[in-house]
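# Notes for the structure review
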Amino acid sequence: MRTVLENENGPASVGALPDRGSNIHRKDIQMNSTEHSTGSPAAPDPANPTDAQVADAMRDLENDIRELMLMADIAANAWDNIGPPKQFCENGFRYECTRLERDSFDFLINNVAVRANDLRNKFDAAANGEVLS
């Protein structure tokens, strides 16, 4: 009897034992789907917008982007038109402008800031498939 056991591979030769593992066939690894099922596919999650909804919402931002770019260009041109600094100080520069120029700068800079903030809010909403007016 001893010679018979020595010729055998021992208990690990049985495929069901843990030290050898089980053979998992490739067809058993594939996940189930509703392709061959009588069940209906899951409805899209309303919290997650579709790509088409996000794309439509992003397209609605074009006018806001162009208006922001236009106002930024106007502000940059107004700054360029004021000319070089009138005085150089040790800590900086001193520019001179009229009251009308100062009021124009205030308007332009604040307008660009408000438009940029609105665009950021609309972009965040568009990423969720929403359109803010």
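Note that the coordinates shown come from a computational prediction; the quantities given were computed from them, not determined experimentally.

## A word on helix α5 (residues 99-127)
In an α-helix, one turn spans 3.6 residues, which is why side chains three or four residues apart end up on the same side. Helix length check: α5, at 29 residues, gives a terminal C-alpha distance of 42 Å against a target of 42 Å (1.5 Å per residue), a fit within 8%. Taken residue by residue, α5 has F105, L108, N111, V112, L119, K122, A125 and A126 as its buried positions. Elements in contact with the buried residues of α5: α3 (51-59) and α4 (62-81). Directly after α5, the chain includes G129, whose backbone phi takes a positive value near 80°.

## Focus: the environment of N81
Tracing the backbone shows N81 in helix α4. The spacing of N81 and E101 is 20 residues in sequence and 9.8 Å in space, taken between C-alpha atoms.

## Description of the nonpolar core
Within the largest apolar cluster, nine residues are counted, these being A57, L61, L68, M71, A75, L108, V112, L119 and A126. For this core, the elements supplying multiple residues, two or more each, are α4 and α5. Element by element, the count of residues in this core is highest for α5, at four residues. Setting aside its immediate chain neighbours within four residues, L108 contacts M71, I74, A75 and A78.

## A closer look at α4
With 20 residues, α4 should reach 28 Å at 1.5 Å per residue; the first-to-last C-alpha distance of 29 Å fits that figure. For α4, the full list of buried residues reads L68, M71 and A75. Taken around the axis of α4, the buried residues stretch over an arc of 70°, which confines them to a single face. Of the exposed residues in α4, the ones pointing more than 90 degrees away from its buried face are R66, L70, D80 and N81. Check the buried side of α4 and you find it contacts α5. In the stretch just after α4, G83 is the one whose phi turns positive, near 95°.

## Points about the packing of α4 against α5
For any two helices packed against each other, the geometry comes down to the angle between their axes and how far apart the axes lie. Put simply, α4 and α5 touch, their axes get as near as 9 Å, and they point 155° apart. With respect to α5, the axis of α4 lies roughly antiparallel. Considering only the axes of α4 and α5, their crossing is left-handed. Residues D64, I65, E67, L68, M71, A72, I74, A75, A78 and W79 of α4 lie in contact with α5, whose contacting residues are F105, F107, L108, N111, V112, R115, A116, L119 and K122. Here the residues of the contact of α4 with α5 sort into 14 nonpolar, one polar and four charged.

## Observations regarding the packing of aromatic side chains
Per the counting criterion, the structure on display carries three aromatic pairs. With 5.4 Å between their ring centres and 80° between their planes, F88 and F93 make a pair best called edge-to-face. Comparing F88 with F93, the two get one shared label, exposed. The structure contains a cluster of three or more aromatic residues connected by ring pairs, namely W79, Y95 and F105.

Reading guide: rules and limits
Residues numbered from 1 in each chain as written. Predicted model: local features only at pLDDT ≥ 70, side-chain atom pairs only at ≥ 80, totals over all residues. Heavy atoms only, no water. Helix = DSSP H or I, 4+ residues; strand = E, 2+ residues; numbered from the N terminus. Expected span 1.5 Å × (residues − 1). Buried < 20%, exposed > 50% of the residue type's maximum accessible area, 1.4 Å probe, protein only. Contact = heavy atoms within 4.5 Å. Core = buried A, V, L, I, M, F, W, Y, C linked by side-chain atoms within 4.5 Å. Arc of directions from axis to C-beta. Axes fitted to C-alpha atoms, helices over the stretch in contact; angles between N-to-C directions. Parallel < 35°, antiparallel > 145°, perpendicular 65-115°, else oblique. Left-handed = near helix turned anticlockwise from the far one by under 90°. Nonpolar A, V, L, I, M, F, W, Y, C, P; charged D, E, K, R; others polar. Phe/Tyr/Trp six-rings, centres within 6.5 Å; stacked < 30°, edge-to-face > 60°.

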